[in-house]
Amino acid sequence: GDVVRRIQSVLADYAKHSQERDRTFPERLVRFVQDGQTALPPGEITSRMNELEKKRQRLISLGLLDSETGLRNLSEDDVRRAPEALTIYLGDVQEKLKVFDDIADRIGSLMDIVNGRFKYKRLRIDREQGFRVLSDLDQAIQLEDLSSGEQQELVVLYELLFRAPKNCLLLIDEPEISLHVAWQSRFLADLIGILDLTGAYAIVATHSPTIIGKRWDLTVELKGPEVVNEAAR
């Protein structure tokens, strides 16, 4: 539900940007030529087109875009024939795809973490259905059929990535309770990556040295109340 609404909102922004860019393309191309603006060098055009195509393929793999027909495999002669048009085209594609940056980072992080932990199954995002879990044989697995630990992990990661307000402080109490031991060792690194992405902060209370791993530099030991020496009063 929530992830579907977020995706549909971004897709609406993408459609709006695309329509506006496509509608004004001829006018902007004519103005570009009339004003004598400098087109990008052929090598840079080719390089930037390759980078944008990689970004487009990443969005397709995340389920955010359908497979689209773009400009691929252009020869050097092709680029030299229309550098002005391609310069504007590159800027337009970059602006169109920019609307996906935030949600793609969040969904990509979620899928990378979950698919690195789930065994014999993988998480996919469907624009109409939201989360989908598939077996290695491409058979659908209902979310309620996941183990309690897998369900908990999915919920916690989604809350951290999509629900935590920017610059908020998260209080996470004993995450090891619901995590498999193998997952505990990766929790802190995943959390730090999520915090870098979302701009949030976190305090984690844990009894598990596996959660801490090698990051004892981040720990503060909690002790009981100090006993005051009566003689020192």
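Note: the structure precedes this text.
The model shown is predicted, which means the values in this text are computed figures rather than measured ones. (Residues numbered from 1 in each chain as written. Predicted model: local features only at pLDDT ≥ 70, side-chain atom pairs only at ≥ 80, totals over all residues. Heavy atoms only, no water.)

Asker: Would you explain the packing of aromatic side chains in this entry?
Answerer: The way to describe two aromatic rings as a pair is by their centre distance and the angle between their planes. All chains considered together, the criterion is met by 4 aromatic pairs. Each ring, one from Y14 and one from F100, has its centre 5.0 Å from the other, and the planes form 50°; the classification is tilted. Linking Y14 in helix α1 (residues 2-34) with F100 in the loop between α4 (83-98) and α5 (101-115), this pair joins segments that are 86 residues apart in sequence. The class of Y14 is buried, set by a relative accessible area of 12%. Considering the side-chain rings of F131 and Y158, the 5.5 Å spacing of their centres and the 85° angle between planes classify their relative orientation as edge-to-face. Of this pair, F131 sits in strand β2 (residues 130-135) while Y158 sits in helix α6 (residues 148-163); the two residues are 27 residues apart in sequence, bridging distant segments of the chain. By relative accessible area, which is 7% here, Y158 ends up buried. A network of ring pairs unites the aromatic residues F131, Y158 and F162 as a single cluster. (Phe/Tyr/Trp six-rings, centres within 6.5 Å; stacked < 30°, edge-to-face > 60°. Helix = DSSP H or I, 4+ residues; strand = E, 2+ residues; numbered from the N terminus. Buried < 20%, exposed > 50% of the residue type's maximum accessible area, 1.4 Å probe, protein only.)

Asker: So what exactly am I meant to see when it comes to the sheet that holds β2 here?
Answerer: Note: strands within a sheet are paired through backbone hydrogen bonds, in either parallel or antiparallel orientation. The strand order β1-β2-β3 describes an open sheet built from 3 strands, whose pairing is antiparallel. Each edge of the open sheet carries a strand with a single partner, namely β1 (121-126) and β3 (140-141). The pairing of β1 with β2 spans 6 bridges and is classified as antiparallel. For R122, the partnering residue across the bridge sits in β2 and is L134. (Pairing = 2+ DSSP bridges.)

Asker: Looking at this model, I keep getting lost on the pattern of salt bridges. Mind explaining?
Answerer: Throughout the structure, instances matching the rule amount to 22 salt bridges. Across the pair R23 and E20 runs a salt bridge whose closest N-O atoms are separated by 3.0 Å. Of this pair, R23 and E20 are both found in helix α1, 3 residues apart, which corresponds to roughly one turn of the helix. Judged by its relative accessible area of 59%, R23 falls in the exposed class. For E20, a relative accessible area of 41% puts it in the partly exposed group. Residue R117 pairs with E153 through a salt bridge whose shortest N-O separation is 1.7 Å. Taken as a pair, R117 in the loop between α5 and β1 and E153 in helix α6 lie far apart in primary sequence, 36 residues in all. Judged by its relative accessible area of 4%, E153 is buried. Via salt bridges that share partners, D2, R5, R6, E159 and R163 belong to a single interconnected network. (Salt bridge = Lys/Arg side-chain N within 4 Å of Asp/Glu carboxyl O.)

Asker: What exactly am I supposed to notice about the side chain of K121 here?
Answerer: Looking at the secondary structure, you find K121 in strand β1. For K121, a relative accessible area of 17% translates into the label buried. For K121, the side chain forms a polar contact with the side chain of E150, separated by 3.1 Å. Look past the residues within four positions of K121 in its chain and what remains in contact with it is V133, L134, S135, D136, I141, L146 and E150. (Polar contact = N/O pair within 3.5 Å; in protein donor to acceptor, adjacent residues only side chain to side chain. Contact = heavy atoms within 4.5 Å.)

Asker: Please explain the packing of helix α2 (residues 42-61) against α4 as it appears in this structure.
Answerer: Pairs of packed helices are described in terms of their axes, by the angle between the two and the distance that separates them. Relative orientation of the contacting elements α2 and α4 amounts to 30°, with a least axis distance of 11 Å. Considered as vectors, α2 and α4 are oriented roughly parallel to each other. For the pair α2 and α4, the crossing hand works out as left-handed. Across the interface between the two elements, I45, R48, M49, L52, K55, R56 and L59 from α2 touch P83, L86, T87, Y89, L90, V93, Q94, L97 and K98 from α4. Of the residues belonging to the contact of α2 with α4, the class tally is 10 nonpolar, 2 polar and 4 charged. (Axes fitted to C-alpha atoms, helices over the stretch in contact; angles between N-to-C directions. Parallel < 35°, antiparallel > 145°, perpendicular 65-115°, else oblique. Left-handed = near helix turned anticlockwise from the far one by under 90°. Nonpolar A, V, L, I, M, F, W, Y, C, P; charged D, E, K, R; others polar.)

Asker: How should the environment of G213 be read in this particular structure?
Answerer: As for its position among the elements, G213 is in the segment after α8 (209-212). We classify G213 as partly exposed; its relative accessible area is 36%.

Asker: Would you mind going over the pairing of strand β5 (residues 201-205) with me for this structure?
Answerer: Looking along a regular strand, one sees the side chains alternate between the two faces of the sheet. In the sheet, strand β4 (residues 169-173) pairs with β5 via 5 bridges, with the strands oriented parallel. The residue of β5 that forms the bridge with L169 is Y201. The parallel pair β4 and β5, bridged by helix α7 (residues 181-198), forms a crossover whose chirality is right-handed. (Right-handed = clockwise from strand over helix to strand, strands pointing away.)

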